[in-house]
Amino acid sequence: MIAFIIRRLVQAALVMLAVAFIAFAMFNYVGDPVAIIAGQDLPAEQRIELRKSLGLDDPTPVRFARFVGNAVQGKFGLSYRTAEPVGKMILERLPATLELSIVAMIVALCVGIPMGVFSGLYPRHWLSRSMMTVSLIGISLPTFLIGILLILIFAVLLGWLPSFGRGDVVKLGMWSTGFLTVSGWKAVILPSITLGLFQMTLIMRLVRSEMLEVLRTDYIKFARARGLTNRAVHFGHALKNTLVPVITITGLQLGSIIAFAIITETVFSWPGVGLLFLQSVQAVDIPVMAAYLVAIGMLFVMINLIVDILYFVVDPRLRSSGAKAGAK
Amino acid sequence: MQRSKFLKATLVAAVATVALLGAQPAAAKTFKWANDGDVNSMDPYARNETFLLSFNLNMYEGLFRRDKNLKLEPALATKVEMPSPTVWRWTLRQGVKFHGGEPFVADDVVFSYGRAAGKGSNVAGNFVSVKEVRKVSETVVEIETKYPDPLLNDKLSQIGIMSKAWADKNNAQFTADMTKNEENFATRNSNGTGPFKLKLREPDVRTILEPNPTWWDKPEHNLTEVIFQRVANDATRIAALLSGEVDMVYTVPPQDTDRIKRTAGRKVLEAPETRIVFLGFNQQLDELPDTSVKGKNPFKDKKVREAFYRAVDVEAIKRTVMRGQSRPSALMIGTGLNGYDQAADVRPKFDPEMSKKLLAEAGYPNGFETRMDCPNDRYVNDEAICQATVAMLAKVGIKINLVAQTRAKYFAQILRTASDIEKSPQISFYMLGWSPGATYDVHNVFESLIQTPSKASGKGLFNAGGYSNKAFDALADKIEQETDKAKRDAMIKEATKIYLDDFAYIPLHQQVVVWAAKDNVDLVQLSDNYFPLRFVKMK
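Quantities reported herein were computed from a predicted structural model and do not represent experimental measurements. (Residues numbered from 1 in each chain as written. Chains lettered and ligands numbered in written order. Predicted model: local features only at pLDDT ≥ 70, side-chain atom pairs only at ≥ 80, totals over all residues.)

A. Structural context of the overall build of chain A. Looking only at helices and strands, one finds 14 helices and two strands in chain A. Taking all contacts inside chain A whose residues are at least 6 apart in sequence as the whole, residues at least 24 apart take part in 71%. (Helix = DSSP H or I, 4+ residues; strand = E, 2+ residues; numbered from the N terminus. Contact = placed C-beta atoms within 7 Å.)

B. Main features of the overall build of chain B. Within chain B, the secondary structure is distributed over 16 helices and 19 strands. A compact globule built from 539 residues should have a C-alpha radius of gyration of about 24 Å, and chain B, at 26 Å, falls within 12% of that. Principal-axis analysis of the C-alpha atoms places the extent of chain B at approximately 90 × 60 × 55 Å. Buried positions account for 46% of the 539 residues belonging to chain B. When contacts within chain B are restricted to residue pairs at least 6 apart in sequence, long-range pairs at least 24 apart make up 69% of them. (Rg over C-alpha atoms; globule rule 2.2 N^0.38 Å. Buried ≥ 20, exposed ≤ 12 C-beta atoms within 10 Å, placed from the backbone.)

C. Molecular detail of the confidence of the model for chain A. Confidence in the prediction of chain A, expressed as mean pLDDT, is 81, and 89% of residues score 70 or more. Confidence over residues 322–328 of chain A falls short of pLDDT 50; this stretch has seven contacts with residues more than four positions distant or in other chains. (pLDDT = per-residue confidence, 0-100.)

D. Fine view of the nonpolar core. Of all hydrophobic cores here, the largest spans 131 residues; its most connected members are A291 of chain A together with M248, V249 and W515 of chain B. Sort the elements by how many residues they give to this core and helix α8 (residues 182–215) of chain A lands first, with 13 residues. Setting aside residues no more than four positions away along its own chain, V249 of chain B makes contact with W33, A34, R237, I238, L241, W515 and A516 of chain B. Core analysis: the next-biggest nonpolar cluster, separate from the first, contains 63 residues, I414, F429, A464 and F472 of chain B among them. (Core = buried A, V, L, I, M, F, W, Y, C linked by C-beta atoms within 7 Å.)

E. A look at the environment of R275 of chain B. All names here are of chain B. Relative to the assigned elements, R275 resides in strand β12 (residues 266–281). You can call R275 buried: it has 22 C-beta atoms within 10 Å. For the pair formed by R275 and Q510, sequence separation is 235 residues and the distance between their alpha carbons is 5.7 Å. With residues up to four places along the chain from it excluded, the contact list for R275 reads G334, G433, W434, S435, Q510 and Q511.

What follows is the structure in structure tokens.
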């Protein structure tokens, strides 16, 4: 078990080093940061001075070593755009992204699972058919279009919900939350629907096909033969067994929701890390881009590590082979 | 009878006054506005960019400020004298207090100029001519320059004065140092003397200002609070204006102006911006990169440059690409700036037939092939303008391979490097835009874009194509130091004629600055795209 985890950790470290290298490579290939920082009419001597003070003239291996050394300590330097510490900028915006992602995931689960169950139980019902059609739209429409349509309807035409921003937030230590104010809740509705729509349709389709499959199995027939109520059969036996893959997918999708909230955050001006990343790209703010890449890489590596360990705990077959490998 | 009438009138007036007085505190005027980007820092010297300077000059003030017609007027200085051509002496306004309560004194001016010219500052370019800043007394400050600099007051109007005591206390004596991993106090806080003070700063989310109750001047605005929010997405920003969540949006994409005009209760404001967008030729290399002409550079021939000039139809670009939102220009400087010469602002006629004739005379009867470099995210519709130009030049036989790329890569490729200013970048035909930033004067255009790039003088850094005319260089150097306005204007006229006759560049147009607001907001739109909140009134 411990050998298995150590092996996984070593792999994770290698992956992180590769991510760090890609992040670092940006410093060389995404344009001249001095041109961005300095604006058009900074005198020549000061440009040279700036290059020197940013360490842009050192040889590449030296700069990479310095980058990794600082990154390990969580130091990514100052943003070229705002002159604030990059680590602080990302930490400040992380709560917004996490809250949005979690609400989006909850919306996706709370709507997707019941819809999937219903269309699995009654595949020929007109409601199921229309749900399938709607879900097709959810999968095929691009996120920014859905967002803008929602804004047009609920903000411009009806005027019920705000078109942008996060509303009023309350600070709880390091964490800023929008869950404690009315305007915060109002503001999260449209973006979370936009962000969660794709996951919702994914979950619905997954639950539906799993339900269809499970309902054909022998133990469901036996359960019916025992004279259990439909409710007990559907929710006590069938749904429970469909949920294993749903949980796996949800875990993995949460990572991608957080990482790919960029578009939704841009459309709704949601002040999270995705928006920060996009603005940094426009300003060629390489320290922020690099830190974001490393942070998202870290997130995925962590999620995968946890999933691997969970499989190991759940699946006895893996455990025995792992034990053997450890014994060698 | 007469008496009672008078009494009645007095009474009515009194009641009205009371009602007005009573109404004032209740009618909180909160002005909400949005832009696509945030103010990158609260430090007034952090970046040399219009939006940051403009925003922070609501909180910080310079010795001078610009009025509604962009003319200088006294702000923190009340009197200016020149004891000698290289010494400026200012008498400071008395009784002014910073937002934090510190009295405004000469030390603050000396400190601020040192900070703005010093380490980490991005506005140090304004102090190139400055030799020394001296405190003469508590209320008098002097600057000695290395050579006569008639534009010093213009440059200094952009430099807001910061409280020395405050900066010392909070360890913000220098603008943020990019090499360290700690932020500067002044990045998120502010302490100036201006009409507004900072109430709340949440970077990239919102910045809230409130009026400074102890401001020295009588406020023209009637605001009680200003909320600035950043809405990055164009469609969302316009939606926020249409739904009434914001009172004003600062940048409006051209395609949305018609829709806003059609909406009841919303208005669009348009004014030509000071920036000129133009096309340039490489006139320095002996052979152009990526071209069919070997062994010589066709752009060294004035006839070829004129042929290009006459083949480009700016009116068509205005009509189609810019949707009417441009002002074609023959000059390299925009309207409303010092040195703009209306008599000279007449473009040589658009004439493709003459272009073909000129090309044939120059030895290219069948045209030639070359490359054009263009940004795709810097100026309004930049790439589309280049595409239109390529099509127009194709009609006179010039085949152009267009390379359009993002600004960071673009500028790195086409601009001269400061350390090796005389070396030509590998470009042949390109697009650039220029606004004479700090000075609002044509000399900035001359020294940056038209004078010969030279290591010795540091001029011509943005003259990417390397146009060079000795007579022009000599005139521009004289203009820089001439303090007699009549003589200076005459020389500007002469210099302007030289670069126009040489077809040094193809000036295209001034972009139009487009803002949109609710009908109940009264604001002044300046052509430098600055947005001083002190002119905003809400009904």
